[in-house]
Amino acid sequence: MSDQRYLPAGAKRTTLQHRAGLFLTSGLLAALLGLSACSKPVEKTEDVRPVRIMTLAQSHIESSFEFAGEVKARIESRQGFRVGGKVAKRLVEVGQVVKRGQPLLQLDPQDLQLAREGAQAAMRAAQSNRDLAQAERRRYQELFDKNFVSKAVLDAKDTAYKAAQASLEQAQAGLQAQSNQTNYATLSADMDGVVMALDAEVGQVVAPGAPVLRIAQMGEREVQIGVPEDKLDLIAKSQDVQVRFWANQKTLLRGKLRELSPVADPATRTYAAKVTILDAPPEVKLGMTAYVSFGNKLAQRMIRVPLSALYQEKGITSVWVVQGDSVKLIPVKVAAPSGNEMLLSDGVKEGMQVVTAGVHLLKPGQKVKILPQAAVAPVQAADLEPMGSREIASSATAAASQTGAAK
């Protein structure tokens, strides 16, 4: 006899429900298998990506490098007192226009005036001694003519007179020097210019020769800039130098490279360059912010492609080249940026067709469909700046992200 008759009533119902569930599941599986056997197989379609392309062409590129700088006078003089002392008066302010010979600063002249008075007294004493020696020489000359004195006595008086005359000349020179020292207590401008800085105030004691004031000479203006070491040769060979100003960026003035330092600045590691502004108008003020651009025509012909055409992977920059109805990834060498485009110096040739949009959605051998070209305005040659592979990668990734988002 079966054991089921000894199970509780609740357990019997659970067993029956389990068997019914298994039977229903088996029926559903059989039905699904029957339907799948009757359906047709799904055809596998090949993935074709629509892309935009451009045909590569070589051309001569005008390179332009721009650096920011400050307008300065060609000649700036640091002036100081020739004598030491305490500053008594300040007669000018920073930014004031001064004329040649105009007083700028003045020292306390009391000690210098006392020294000059002492020199005057010494000169008067020397002059009195000279007059006395001259009178005695004259008297002994008369006695010698009458044979009352010997020649030796007359020679002694003549020697005394010459010594007194030399002492007088020495005293006169000392008085002149001391008068000059007294006059040096007033510092005067030695050129027409503008006061750029004051390094001394009233009451300050200054040493002889210590710079206390800086004057920029009126006249020729120049822009001082810092040039990185990789641009030295291009700057030195520049054929076109132009200067514009932050205050008026529409005005372009011609410039000329006057000086290029052979030694780098220890702090900035750049080389100081001075560019003379030719025919600078009066509106060009000292201290203005200026931009100097150096133009050169590159001897090597290069290929220009949009930034969106670059594909970056594992530190290698490449482009997708269309071959027939598929694409191939070719590494390239980027020379420099040109506005929103990049200049390629190696890796591709003139006449090749490269993908300019959707480069991050492709793979080697990918089938593509070429979209019709959209009419675009020609792009003028823009400023060139060196760009590292890391910067190119980040820029290319950003452009590709925007392209993918647009799709």
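Residues numbered from 1 in each chain as written. Predicted model: local features only at pLDDT ≥ 70, side-chain atom pairs only at ≥ 80, totals over all residues. Heavy atoms only, no water.

**Q** Go over the pairing of strand S5 (residues 76-80) with me, naming the residues and quoting the values.
**A** Of the two faces of S5, only one is covered, namely that formed by Ser77 and Gln79; the face formed by Glu76, Arg78 and Gly80 stays uncovered. The pairing of S5 with strand S12 (residues 211-217) spans 5 bridges and is antiparallel. Note that in S12 the partner of Ser77 across the bridge is Ile215. (Buried < 20%, exposed > 50% of the residue type's maximum accessible area, 1.4 Å probe, protein only. Helix = DSSP H or I, 4+ residues; strand = E, 2+ residues; numbered from the N terminus. Pairing = 2+ DSSP bridges.)

**Q** Can you break down the pattern of salt bridges residue by residue, with the values?
**A** Counted by the stated rule, this structure contains 16 salt bridges. Two residues, Lys151 and Asp155, come together in a salt bridge whose shortest N-O distance is 3.7 Å. Here Lys151 and its partner Asp155 are both found in helix H3 (residues 151-183), 4 residues apart, which amounts to about one turn of the helix. By relative accessible area, which is 37% here, Asp155 ends up partly exposed. (Salt bridge = Lys/Arg side-chain N within 4 Å of Asp/Glu carboxyl O.)

**Q** Quick rundown of the pairing of strand S14 (residues 240-245)? Include the residues and the values.
**A** Bridging between S14 and strand S15 (residues 252-264) involves 3 bridges; their strand directions are antiparallel. The residue of S15 that forms the bridge with Val243 is Leu253. Once S14 ends, the chain turns through 6 residues before running back antiparallel as S15.

**Q** Run through the sheet that holds S12, naming residues and quoting values.
**A** Taken in spatial order, the 4 strands make up an open sheet running S5-S12-S10-S7, and their pairing is antiparallel. Looking along the sheet, the strands with just one partner apiece sit at the ends: S5 and strand S7 (97-98).

**Q** Provide a residue-level description of H3, including the pertinent values.
**A** Compared with the 48 Å implied by 1.5 Å per residue over 33 residues, the 48 Å span of H3 between its first and last C-alpha is a close match. Buried within H3 are the following residues: Leu154, Asp158, Tyr161, Ala164, Leu168, Ala171, Leu175, Gln178, Ser179 and Thr182. Buried positions along H3 lie against helix H2 (110-145). (Expected span 1.5 Å × (residues − 1). Contact = heavy atoms within 4.5 Å.)

**Q** Can you explain the confidence of the model for the protein? Please cite residues and give values.
**A** Residues of the protein with pLDDT of at least 70 account for 77%, and the chain-wide mean is 80. Here residues 1-7 is a poorly scored stretch, pLDDT under 50, and it has 5 contacts once near neighbours within four places are set aside; other chains count. Within the model, pLDDT remains below 50 along residues 375-407, and this stretch shows 50 contacts once partners closer than five positions in the same chain are excluded. (pLDDT = per-residue confidence, 0-100.)

**Q** Run through the nonpolar core, naming residues and quoting values.
**A** Counting residues in each nonpolar core, the largest one holds 22 residues, and the members touching the most others are Val223, Ile225, Val243, Phe245, Val292 and Phe294. Of all the elements in the fold, those that place two or more residues in this core are strand S4 (62-73), strand S13 (221-227), helix H4 (232-236), S14, S15, strand S16 (271-277) and strand S17 (289-297). Discounting chain neighbours no more than four positions away, the residues touching Ile225 are Phe67, Ala68, Gly69, Tyr271, Ala272, Ala273, Val275, Val292 and Phe294. One finds Val83, Val92, Val98 and Leu104 within the second-largest nonpolar core, a separate group that totals 20 residues. (Core = buried A, V, L, I, M, F, W, Y, C linked by side-chain atoms within 4.5 Å.)

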